There are 2 protein chains.
Amino acid sequence: MTQQRKTVHKDLQYERNRCTFDPVEVTYFLDGSPEKTKQRRDQEQYISDVLVLKENMSMRYKSYKEVYEDSLRIARAVLSKIKKLQLSKIEEYEFVHGIFSERLGSALFQDGNPLSLHYGMFLPTLMGQANSEQQAYWINRAWTGDVIGTYAQTELGHGTFLRGLETTATYDPETKEFVLNSPTLTSYKWWPGGLGHTANHAIVVAQLYTQGECRGIHPFVVQLRDVETHEPLKNIIIGEIGAKLGMNGVNNGFLGFRNYRIPRKNMLMKNSKVLEDGTYAKSANDKLTYGTMVFVRVMLLQDLLHYLSKAVTIAVRYSVVRRQGQINAEQPEVQILDYVTQQYKIFPHIATCFAIKVTAIWLLDMYKTVQSQLHQADYKKLPELHSLSCCLKAVVSADTAAGIEQLRLSCGGHGYMTASNLPVLYGFATAVCTYEGENTVLLLQTARYLVKSWKQAMGGKPLPESVEYLNEAAKGVKHCRWSNDLECLIDAYNAVAAGSIRLAAEHLDRRIRDGVPTAEAWNQTSIELTQCAEAHARVFIVKTFANDIKQLNSKSEEFRQVMFQLCELYIVYWALRNVGNFLRFSSMQEEHVQTLHSRLEYLLMTIRRNAVGIVDGFDFDDHILCSALGAYDGNVYERLFQEAMKSPLNRESVNISFEKYLKPFLKSNL
Amino acid sequence: MTQQRKTVHKDLQYERNRCTFDPVEVTYFLDGSPEKTKQRRDQEQYISDVLVLKENMSMRYKSYKEVYEDSLRIARAVLSKIKKLQLSKIEEYEFVHGIFSERLGSALFQDGNPLSLHYGMFLPTLMGQANSEQQAYWINRAWTGDVIGTYAQTELGHGTFLRGLETTATYDPETKEFVLNSPTLTSYKWWPGGLGHTANHAIVVAQLYTQGECRGIHPFVVQLRDVETHEPLKNIIIGEIGAKLGMNGVNNGFLGFRNYRIPRKNMLMKNSKVLEDGTYAKSANDKLTYGTMVFVRVMLLQDLLHYLSKAVTIAVRYSVVRRQGQINAEQPEVQILDYVTQQYKIFPHIATCFAIKVTAIWLLDMYKTVQSQLHQADYKKLPELHSLSCCLKAVVSADTAAGIEQLRLSCGGHGYMTASNLPVLYGFATAVCTYEGENTVLLLQTARYLVKSWKQAMGGKPLPESVEYLNEAAKGVKHCRWSNDLECLIDAYNAVAAGSIRLAAEHLDRRIRDGVPTAEAWNQTSIELTQCAEAHARVFIVKTFANDIKQLNSKSEEFRQVMFQLCELYIVYWALRNVGNFLRFSSMQEEHVQTLHSRLEYLLMTIRRNAVGIVDGFDFDDHILCSALGAYDGNVYERLFQEAMKSPLNRESVNISFEKYLKPFLKSNL
């Protein structure tokens, strides 16, 4: 992957020459250490030939069917390559997991990966919810044998509200089997990746009925297709759900059952159990399964970081090469990155990349702590972890999707071209706003925790770290007198979050006092409740970011300066975006808004010089970035032309539609 | 198109039964009169068989090449159908224009229309810029003969900055020809719709050189392809630019010239001229061409209205049928439209549809007035019209794109499916943010007018109606004492716009006083300048909307009530979205924010009952709405299934990729 280092566009080279720090410092920071950078680069290098192969095939001109087939071709090429390394099964699993993660995965599978749920949900669920006997049987077959799995939970009529799932699994003690049924159209499984035509097994989440009673939802391993012929088994209705905004290679599927029988031992029984006679034994600690959900959200933050940092790399490099218009009539046309409006569209998202990174690391650390506490039956920190993972997933996915869209628009018309890769990145990012917990639903879950915390604070009870600011607010501690230092600004974020939570809680209480039933009062207050959860996420990110950059002592002064500027930009930017709440809830006054805006303008100007250096530090090889606008050499226009020439329409000078549709029509006019 | 009226989902029927007004009142309001409604419906009915035909072909599963070919197939079907009416040429042109406009056009051509520039730009430019002799020759051939045209202005390296266009047309008095050249890679024409393989002629905008001098950009009619064989002519380099986020049937193309010669008479000479000997005669009134640009923007507002009203129809109907979660554990699952957060995501966009409509009508009226004044050499109102058309295009396109995205997300996972039609609508709407003037550039053009107007106001000069509020502000008239009536709120919008403009102008002046060159000072102030243009657009929309609903005396009381609620919602919603500026610049105080928020909650609750009625009034036939989620009968899940079954992958139980990629891989594991 060295061909990219040739004939760099002079404007890009100029930017690189004047960068004040070594971009590799960004790389090490994001990877965690120089060793981890080496490891990642080796891995990317190892499968680089597959990446090149993929790009030559121009996925974007294929038909819907070919896109799916091509995704599996690539998956096979990657997996075969990894086989050659002859790793242990667990090493292999982790290698695949790394390759399939979105840094590389969204480059290999520009339309999504039909095997991602096999590795990302089927195997982890077996590890987490199968008992040891089941694990031995199924994991072995999934690793070495003939099982390709997926995870089938969502139904046509139910996503968010799990209790409402309609698929039934009824135990029949006669045959010691569960009988699976899809009693309604809306009960069909709908959405699971790879379910359409890829997987031959699935973990199916269904309402368990035994001894005449419904016991709630439980997971079952279900064979769907013949292992030899891949034909769907009898009484299984299966297919794929059709075209989507993006990720059309994922092979999302539907699945219905007609009295389909599976052995008793196919219910995953690490937690709850059904005995041979049909007796139901409820799990003592179903909170353990919470962990997986949180872990998935931590991984989502990483995915979002990859999408956003790719988009920002593309927008920065393009904006340095693209010249348009004049500021000074005597000068040549301006690099569009010199327009302050363009900096304003792009630089806050550079800052967001680092904000996501430090937040994801913090959340992962907390997850690990809580996970080990859970195994000692200590559930104390679980609500805090859960509430943070909810609002952070919601806020980061919304920021990322909106950010990528703004970055795409900042590239003008060319950003609309698939060759920019920005539309594809947007398709990936915006999907995250919906899956693994719809954002509004997640914000309301966090709000529930915040309202409860506020009441505890009012009752004088001490609170966990992430909501400690509520204790201060409840004691009536006023926000400090306004000053322009960062600490005061961060404290203002505390005041905004606390003020929003206080108001939402008061309005909720007032409605309940007025006789509105609690659940309805909750609904009536829900706009403010989502807003206070957002404010909570924002203050958490801001504090984590600010704390993190204080601990960069081992880094160069130049790098620390850049990080400090980005952190400050993030803090100032979001304060100005929500300036109404700062005026309402903190000691900020009208005149301070101006000072803050000047600070914003100053930061944009300062970051301008290092923008290319920072995004170079994201270290995306051209084959991973997949963008004519963002390539390392900056030869934007040549690449756009090359991409255009791949269009099948350009293989013929006259398209058949001329003879078929245009000519007869024109002639009839004569 | 009556089949849609069957077996309506009970939840939708319930909503229709309890609607307080007759939805046809909305229809008449939007169409302009019952007669116009009838006319539109007749037109839609007349081509309904083409619409049905189109839908059966499932464009979304075709390859890139097939998408283009299918667009022409549909175009031919539509045009043939219209031919049968044997209209006069001008009637026919208007009929086609109506059919191709985005209400119907975006349904007929879900991936865009390769002929839209022939009707939308080629013919109008001939009408506007060709002299009468040229018109007789070209328009006749375009209507009755063998010319299909497009409009080629944008280049690979130049969009916004027209002066920078690089294509040259050099007059050769020897042969009385212009010699066209593309001197650089970046000078290739890039983007024109239909240019790739559809058009055989184009109006090409090029730098005119004659008698050794560059005379700036001028339009030329250029033949590109042989009329009989459709082969590109010699010295023409032509093709299409490749895949895009959306509109892949538009056949956007590129075009280069190598010493390509055209007759002198192919320069459009209604305004400027080149005489036989090469003498250049400059146009006296080049401002006349301004009109076309403004007219195109008015049309864009209409297009945006169609996109947004389709999206809002889909989201409302789906949210009534979709049930998810419980508010009260004893009750069945809730219609998601009963969640206040869902109302908050949807209802403001219903209001926006009407806001766009009244604004578009106002702008069209002003355009007509100004156009007739221009013909009497009265240019007085032109700057005001231009400044309004710029900021309104920018704000309405940004609102519409963001609105459709929010509506899509409000439909959860199913909104991500192409079958919802929301991704396609988004692809259309977000493109408008970039074409016909990039939004940031347009906002800055408006800002220029506003800063100038502010200075005039400070100098005591009276200003045109749309900026009259600056006179008040300059006189130091304070915003009224806060009250909750709508007039006070509208006055607060005035205060916000005036305050933003004043600040931006002051900051600009301060920089200039500090010695920053004017153009650079402008750039440094540009964030605030775009923001003041946005505020200006918003106050204009708010006032136009509020004025308009005062003039509905002939309508029923029930309808007027609904319109009043929507107008108030629009005003309250945007005040809360920008509450910081209201706290800064108007007399709004912290405690008023709460009152306003309660007002918002009240309005959402009130509009809830009529939401289905209002969107029914948008009067979209199912074949025009093209959405499984939004169909009139509300049979959402059946339709999603039907759409899934159209996927070519579902025609075989086992896809070929099993044998090719999965099986060998699985077996190698054993």
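Residues numbered from 1 in each chain as written. Chains lettered and ligands numbered in written order. Predicted model: local features only at pLDDT ≥ 70, side-chain atom pairs only at ≥ 80, totals over all residues. Heavy atoms only, no water.

**Here we look at the overall build of chain A**
- Along chain A, the regular secondary structure elements total 25 helices and eleven strands.
- For a compact globule of 670 residues, the expected C-alpha radius of gyration is about 26 Å, and chain A comes in at 27 Å, within 12% of that figure.
- Projected onto its principal axes, the C-alpha coordinates of chain A cover approximately 90 × 80 × 65 Å.
- Scored against the burial criterion, the 670 residues of chain A give a buried share of 63%.
- Across chain A, every contact between residues at least 6 apart in sequence was considered, and the portion connecting residues at least 24 apart equals 72%.
- About 24,700 Å² of surface is accessible on chain A, with carbon and sulfur atoms providing 51% of the total.
- The average position of the 75 basic charges and that of the 72 acidic charges among the side chains of chain A differ by 2 Å. (Helix = DSSP H or I, 4+ residues; strand = E, 2+ residues; numbered from the N terminus. Rg over C-alpha atoms; globule rule 2.2 N^0.38 Å. Buried < 20%, exposed > 50% of the residue type's maximum accessible area, 1.4 Å probe, protein only. Contact = heavy atoms within 4.5 Å. Areas by Shrake-Rupley, 256 points an atom, 1.4 Å probe, with all protein chains shown as cover. Lys, Arg positive; Asp, Glu negative; His and termini not counted. Charge placed at Lys NZ, Arg CZ, Asp CG, Glu CD.)

**Topic: helix 6 (residues 89-100) of chain B**
Residues and elements named next belong to chain B.
- Relative to the 16 Å expected for twelve residues at 1.5 Å per residue, helix 6 spans 16 Å between its end C-alpha atoms, a close match to the ideal helical length.
- All of the buried residues along helix 6 are Glu92, Tyr93, Phe95, Val96, Ile99 and Phe100. Down the axis of helix 6, the buried side of the element spans an arc of 165 degrees, and every buried residue falls inside it.
- In this fold, the buried residues of helix 6 make contact with helix 3 (34-46), helix 5 (64-83), helix 7 (102-108), helix 8 (116-129) and helix 9 (132-144). (Expected span 1.5 Å × (residues − 1). Arc of directions from axis to C-beta.)

**What to know about the UniProt feature "active site" (unreviewed entry) in chain A**
Residue and element names in this part refer to chain A.
- The UniProt record annotates "active site" (unreviewed entry) at Glu436.
- Residue position: glutamate 436 is located in the loop between helix 13 (422-432) and helix 14 (439-458).
- When neighbours within four sequence positions are excluded, glutamate 436 is seen to be in contact with Val296, Arg297, Leu300, Lys393 and Leu442. (UniProt positions renumbered as here; feature names shortened; annotations may be inferred.)

**What about the sheet that holds strand 7 (residues 236-240) of chain A?**
All names here are of chain A.
- Taken in spatial order, the three strands of this open sheet run 4-8-7, and their pairing is antiparallel. Of all strands in the sheet, those with a lone pairing partner are strand 4 (189-190) and strand 7, marking the two edges.
- Strand direction decides the pairing type here: strand 7 and strand 8 (residues 253-257), joined by five bridges, are antiparallel. Bridging from a neighbouring strand, glutamate 240 pairs with glycine 253 of strand 8. (Pairing = 2+ DSSP bridges.)

**Here's the deal with the nonpolar core**
- Of all hydrophobic cores here, the largest spans 420 residues; its most connected members are A:Phe354 and B:Phe354.
- In this view, B:Phe354 contacts B:Val26, B:Phe29, B:Leu30, B:Phe545, B:Met563, B:Leu566, B:Ile614 and B:Phe618; residues no more than four positions away in its chain are not counted. (Core = buried A, V, L, I, M, F, W, Y, C linked by side-chain atoms within 4.5 Å.)

**Describing the packing of aromatic side chains**
- According to the stated counting rule, one finds 51 aromatic pairs over all chains in the structure shown.
- Plain terms: the ring middles of B:Tyr93 and B:Trp143 are 6.1 Å apart, the flat faces sit at 50 degrees to each other, and that makes the pair tilted. In this pair, B:Tyr93 sits in helix 6 while B:Trp143 sits in helix 9, placing the two residues 50 residues apart along the sequence. Accessibility classification places B:Tyr93 together with B:Trp143 in one group, the buried group.
- Every member of this aromatic cluster is reached through a ring pair, and the members are A:Phe21, A:Phe29, A:Phe354, A:Phe559 and A:Phe618.
- Of note, A:Arg448 hangs over the ring of A:Trp522, and the distance from its end group to the ring centre comes to 4.2 Å.
- Taking NZ or CZ as reference, B:Arg16 lies 3.7 Å from the ring centre of B:Tyr632, over its face. (Phe/Tyr/Trp six-rings, centres within 6.5 Å; stacked < 30°, edge-to-face > 60°. Lys NZ or Arg CZ within 6 Å of the ring centre and 35° of its normal.)

**A look at the side chain of B:Arg103**
All names here are of chain B.
- Locating arginine 103 in the fold gives a position in helix 7.
- Given a relative accessible area of 10%, arginine 103 falls into the buried group.
- Separated by 2.6 Å, the side chain of arginine 103 and the backbone oxygen of aspartate 619 make a polar contact.
- Other than its neighbours up to four places away in sequence, arginine 103 contacts Arg40, Glu44, His306, Lys310, Phe618, Asp619, Phe620 and Ile624. (Polar contact = N/O pair within 3.5 Å; in protein donor to acceptor, adjacent residues only side chain to side chain.)

**Examining the packing of helix 10 (residues 290-321) of chain B against helix 12 (residues 382-410) of chain B**
Residues and elements named next belong to chain B.
- Across the interface, helix 10 lies against helix 12 with an axial gap of 9 Å and an inter-helix angle of 20 degrees. Our classification of the angle between helix 10 and helix 12 gives roughly parallel. You can see that helix 10 and helix 12 cross each other, and the crossing is left-handed.
- Each residue belonging to the contact of helix 10 with helix 12 can be placed in one class, and the counts come to 18 nonpolar, six polar and two charged. (Axes fitted to C-alpha atoms, helices over the stretch in contact; angles between N-to-C directions. Parallel < 35°, antiparallel > 145°, perpendicular 65-115°, else oblique. Left-handed = near helix turned anticlockwise from the far one by under 90°. Nonpolar A, V, L, I, M, F, W, Y, C, P; charged D, E, K, R; others polar.)

**Overview of the interface of chain A and chain B**
- Contact with chain A, which involves 135 residues of that partner, is made by 135 residues of chain B.
- One can count six salt bridges joining chain A with chain B.
- Taking the shortest distance from any N to any O, the salt bridge between B:Lys65 and A:Glu652 comes out at 3.8 Å.
- In this structure, the connection of chain A to chain B is made through 62 residue pairs in polar contact (both at pLDDT 80 or more). (Salt bridge = Lys/Arg side-chain N within 4 Å of Asp/Glu carboxyl O.)

**Some words on the pattern of salt bridges**
All names here are of chain B.
- For the structure on display, the rule yields 78 salt bridges over all chains.
- The partner of arginine 608 in a salt bridge is glutamate 15, with the nearest N and O atoms 3.0 Å apart. On the criterion of sequence distance, the pair formed by arginine 608 in helix 21 (residues 590-608) and glutamate 15 in helix 1 (residues 10-17) is long-range, its members being 593 residues apart.
- Residue arginine 608 is classed as buried on the basis of its relative accessible area of 6%.
- Given a relative accessible area of 0%, glutamate 15 falls into the buried group.
- Here aspartate 42 ties to lysine 38 by a salt bridge, and the two come within 2.7 Å at their closest N and O atoms.

**Some words on the relation of the copies chain A and chain B**
- When chain A is fitted to chain B, the residual RMSD is 0.0 Å, and the transformation amounts to a turn of 180 degrees plus an axial shift of 0.0 Å. What we have between these two chains is a two-fold relation.
- When the interface residues of chain A are mapped onto chain B, 100% of them again fall at the interface, so both copies present the same face. (Least-squares fit on C-alpha atoms with pLDDT ≥ 70 in both.)

**Quick look at the sheet that holds strand 8 (residues 253-257) of chain B**
All names here are of chain B.
- The sheet built from three strands is open, its strands ordered 4-8-7 with antiparallel pairing. In the strand order of this sheet, the two ends are held by strand 4 (189-190) and strand 7 (236-240), each with one partner.
- Note: strand 4 against strand 8, two bridges, orientation antiparallel. Looking at strand 8, one finds that tryptophan 190 is bridged to phenylalanine 254.

**Describing the packing of helix 18 (residues 526-549) of chain A against helix 19 (residues 557-577) of chain A**
All names here are of chain A.
- The geometry of helix 18 relative to helix 19 is characterised by a closest axis approach of 10 Å and an angle of 160 degrees between their N-to-C directions. The orientation of helix 18 with respect to helix 19, classified from their angle, is roughly antiparallel. The element helix 18 and its partner helix 19 pack so that their crossing is left-handed. Counting all contacts with helix 18, which are made through Arg538, Ile541, Val542, Phe545, Ala546 and Ile549, the residues of helix 19 involved are Met563, Phe564, Leu566, Cys567, Tyr570, Ile571 and Trp574.

**What about unusual backbone geometry?**
- Of note, the phi angle at A:Asn251 is positive, near 60 degrees, even though the residue is not glycine.
- Within the element layout of this structure, A:Asn251 appears in the loop between strand 7 and strand 8.

**Quick notes on helix 13 of chain A**
- With respect to burial, helix 13 of chain A is a largely interior element, eleven of its eleven residues being buried.
- Along helix 13 of chain A, the residues classified as buried are A:Leu422, A:Pro423, A:Val424, A:Leu425, A:Tyr426, A:Gly427, A:Phe428, A:Ala429, A:Thr430, A:Ala431 and A:Val432.
- Against the buried residues of helix 13 of chain A lie helix 7 (102-108), helix 10 (290-321), helix 12 (382-410) and helix 14 of chain A together with helix 12 and helix 13 (422-432) of chain B.

**Observations regarding the pairing of strand 2 (residues 168-172) of chain B**
Residue and element names in this part refer to chain B.
- Along strand 2, four of the five residues are buried, which leaves the element largely enclosed by surrounding structure.
- In this structure, strand 2 lies alongside strand 3 (residues 177-181), joined through five bridges in antiparallel fashion. Its bridge partner lying in strand 3, aspartate 172 is registered against glutamate 177.
- Counting the residues between successive antiparallel strands, the hairpin from strand 2 to strand 3 contains four residues, one of them, lysine 176, with a positive phi of roughly 55 degrees.
- As paired elements, strand 2 and strand 5 (residues 201-210) share three bridges and run parallel to each other. Residue pairing across strands places threonine 170 opposite tyrosine 209, the latter belonging to strand 5.

**Concerning the side chain of B:Asn610**
- In this fold, B:Asn610 is placed in the loop between helix 21 and helix 22 (611-617).
- Setting aside chain neighbours within four positions, we find B:Asn610 in contact with B:Cys19, B:Thr20, B:Phe21 and B:Val562.

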